[in-house]
Amino acid sequence: MAERLLLLGDEAVALAAVHAGISGAYSYPGTPASEIFEHVEKFADRFGVHAAWSANEKVAYEEALGMSFAGKRVLVSMKHVGLNVAADPFVNSAISGVNGGLVLAVADDPGMHSSQNEQDSRYYANFARIPCLEPSNQQEAYEMTREAFELSERFGLPVMVRLTTRLAHSRADVAVGEPREQKGLKKPADVSAWTLLPGNARRQYRKLLEKRPSLLQASEASQHNAIDLSGPDRSLGVIASGIAYNYFMEAVGGVSPYPYVKIGMYPLPVSAIRRLYQAVGRMMVIEEGYPFIEELMSGVLGCGKPVLGKLSGALPRTGELRPELVAGALGMQWEASEFVPFEPLAARPPALCKGCPHVDTFRAMKEAISIYEQPTVFSDIGCYTLGFYPPFQAIETCIDMGASIGMAAGAAHAGMFPVLCAIGDSTFCHSGMTPLIGAAKENVNVKVFILDNGTVAMTGTQETMATGERLVEVVVGLGVPREHVRTLVPLPKNHEENVRLIREEIEYEGLSVLIPQRPCIHLKRKI
Ligand SMILES: Cc1ncc(C[n+]2csc(CCOP(=O)(O)OP(=O)(O)O)c2C)c(N)n1
Ligand code: SF4
């Protein structure tokens, strides 16, 4: 009998990958995807899986691709915006193809619980012309991830498993299967496919396009794409995908009065959708994220019969879906479950922890720049982004990981003074080193603060790539003169000295890197 476990959606993906015989797992932390890797890590020793955090998502994807090249199965996981960082190897790996099964698990964050945007990764899968599986519950997260490895090897393509926050972070009962053996080392039969010189790439791109009809066939035949025309009310036909199918079922009490198509695999099963379209008066698309399916249904000119969904205004265009929103769109009464009493918490802005080292850094930085007429502080993504809020109001930007150094350089080129920027140790290793090497080459007049708290605090104190002396050496190695790489200890007792040191560097006309070194209080507790 299959073992049953209570698993998070993320955990189900992790366990399925381990059971599918992966030899490696790569990732960079990011909510709501971090737990995928963290759970693989737990099994790593027992199953002999190489599991290591990577410097960023691009590196994670490339490491995974290398393992696939070697003939082994591999999982790479990241949050949705991480795929922007990994987009180059991701899109090109669809052209080269894969050798050992490569599954990319991406967790989207509709509602932006902890993200800068709510982009929908299904567009990326479509853009790269690869299959995408979208589970509606934790059981499917397990089954689809296992199946994704089979699909990946059958088509020689990377396969995406797309999760969203609610599924990633909620638990359910999951029946799990038997683990299978890892694969042996075996190079690809044709390495020219992996050398994307124009002649090879053109051939490979044609091959990718030629796979499309078989992918479509697989999608039409997939048990994850189901059509049910038994609903008696044919005034409406529903297309529901991923977790939104769960909300739909909850809204209709488990039995739909309308004919519907459930989508769990892309490319979209066109013939099932056509059959539904012909059988009903109007269509409604219920999907989590962007109106990806709805846009395809409506086309440029509209498809004839009305299509309701996020574009039509039947469902909200932004944020997460909920069963009551789906019920409202269907014109149904919604009764909250008696088992889930809902007491909304008072809204409160997020804040830096009491005793956080960033607090003392911001205090010193603010006082040091207070004597200048128009100081500007660019920032990055991490706990220190909370320095935007009162009482600090210390930073003015946060766009994407690593942006602060490049933006500060651009503003300095434009003539702003003084220009400072704040970046965490992990974000610096993720994507701050490349802009710093450019800034060092030009000796641009920017004061870069690398806030070294020894960890990736914001996403749960994961291990950082460089901290302490190693980080200092990296900075010097990138070409910043050693005398302008200044370390300080952000503590109240050092406040005056730190203000003086910062001012001294501001007065120097060139690039300085200031590194406040003090561990995050949660890292201290963890140790
Ligand atoms: C491309 C991308 N990947 C991952 C994340 C998730 N994320 C937000 S901040 C952060 C790193 C924070 O670490 P650090 O820069 O050291 O700052 P700290 O939180 O420790 O102050 C990560 C991984 C993201 N927002 N964007
Ligand atoms: S988790 Fe650590 S770095 Fe983040 S606010 Fe709290 S003390 Fe500061």
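Structure shown above.
These remarks concern the structure in this document. (Residues numbered from 1 in each chain as written. Chains lettered and ligands numbered in written order. Predicted model: local features only at pLDDT ≥ 70, side-chain atom pairs only at ≥ 80, totals over all residues. Heavy atoms only, no water.)

### Describing the overall build of the protein
(1) Moving on: Looking only at helices and strands, the protein features 20 helices and 19 strands.
(2) Moving on: Computed over its C-alpha atoms, the radius of gyration of the protein comes to 25 Å, within 12% of the 24 Å expected for a compact globule of 527 residues.
(3) Moving on: By principal-axis analysis of the C-alpha atoms, the protein measures approximately 75 × 55 × 50 Å.
(4) Moving on: Of all 527 residues assigned to the protein, the portion counted as buried reaches 56%.
(5) Moving on: Of the contacts formed within the protein by residues at least 6 apart in sequence, a portion of 79% connects residues at least 24 apart.
(6) Moving on: If you average the places of the 49 positive and of the 58 negative side-chain charges in the protein, the two averages end up 5 Å apart. (Helix = DSSP H or I, 4+ residues; strand = E, 2+ residues; numbered from the N terminus. Rg over C-alpha atoms; globule rule 2.2 N^0.38 Å. Buried < 20%, exposed > 50% of the residue type's maximum accessible area, 1.4 Å probe, protein only. Contact = heavy atoms within 4.5 Å. Lys, Arg positive; Asp, Glu negative; His and termini not counted. Charge placed at Lys NZ, Arg CZ, Asp CG, Glu CD.)

### A short note on the pairing of strand S19 (residues 512-516)
(1) Moving on: Burial analysis of S19 places 5 of its 5 residues in the buried class, the great majority of the element.
(2) Moving on: Across 3 bridges, strand S17 (residues 447-451) lies against S19 in parallel orientation. Bridge assignment links Val448 to a residue of S19, and that residue is Val513.
(3) Moving on: Direction of pairing for strand S18 (residues 485-488) relative to S19: parallel, over a ladder of 4 bridges. Looking at S19, one finds that Thr487 is bridged to Ile515.
(4) Moving on: In this region the chain leaves S18, passes through helix H19 (residues 495-507) and returns to the parallel neighbour S19; the handedness of that crossover is right-handed. (Pairing = 2+ DSSP bridges. Right-handed = clockwise from strand over helix to strand, strands pointing away.)

### Overview of the pattern of salt bridges
(1) Moving on: Under the criterion given, the structure shown has 21 salt bridges.
(2) Moving on: The shortest N-O distance in the salt bridge between Asp108 and Arg162 comes to 2.7 Å. Placement of Asp108 in strand S5 (residues 102-108) and of Arg162 in strand S7 (residues 159-164) is noted, with a sequence separation of 54 residues between them. With respect to burial, Asp108 and Arg162 carry one shared label: buried.
(3) Moving on: Between Lys262 and Glu140 there is a salt bridge, and its shortest N-O distance comes to 2.9 Å. Note that Lys262 is positioned in strand S11 (residues 260-263) and Glu140 in helix H7 (residues 138-155), a separation of 122 residues in sequence. The burial state of Lys262 is the same as that of Glu140; both residues are buried. (Salt bridge = Lys/Arg side-chain N within 4 Å of Asp/Glu carboxyl O.)

### Some remarks on the site of ligand 1
(1) Moving on: Neighbouring ligand 1 are 25 residues; Glu57, His358, Thr427, Asn453 and Ala457 lie closest to it.
(2) Moving on: In this structure, Thr427 approaches ligand 1 through a side-chain N or O atom, which is 2.5 Å from an oxygen atom.
(3) Moving on: Note that an oxygen atom of ligand 1 is positioned 2.9 Å from one of the backbone N or O atoms of Ala457.
(4) Moving on: Calculation on ligand 1 without its partners gives an accessible area of 590 Å², and the protein chains cover 98% of this total.
(5) Moving on: Listed by contribution, the elements that provide at least two residues to the shell around ligand 1 are helix H4 (80-85) and helix H16 (425-431).
(6) Moving on: Across the shell around ligand 1, the residue classes break down as 11 nonpolar, 11 polar and 3 charged.
(7) Moving on: Residue contributions to the shell around ligand 1 reach at least three from each of two domains, namely domain 1 (3-221) and domain 3 (357-526). (Near = heavy atom within 4 Å. Polar contact = N/O pair within 3.5 Å; in protein donor to acceptor, adjacent residues only side chain to side chain. Areas by Shrake-Rupley, 256 points an atom, 1.4 Å probe, with all protein chains shown as cover. Nonpolar A, V, L, I, M, F, W, Y, C, P; charged D, E, K, R; others polar. Domains from an automatic or database assignment.)

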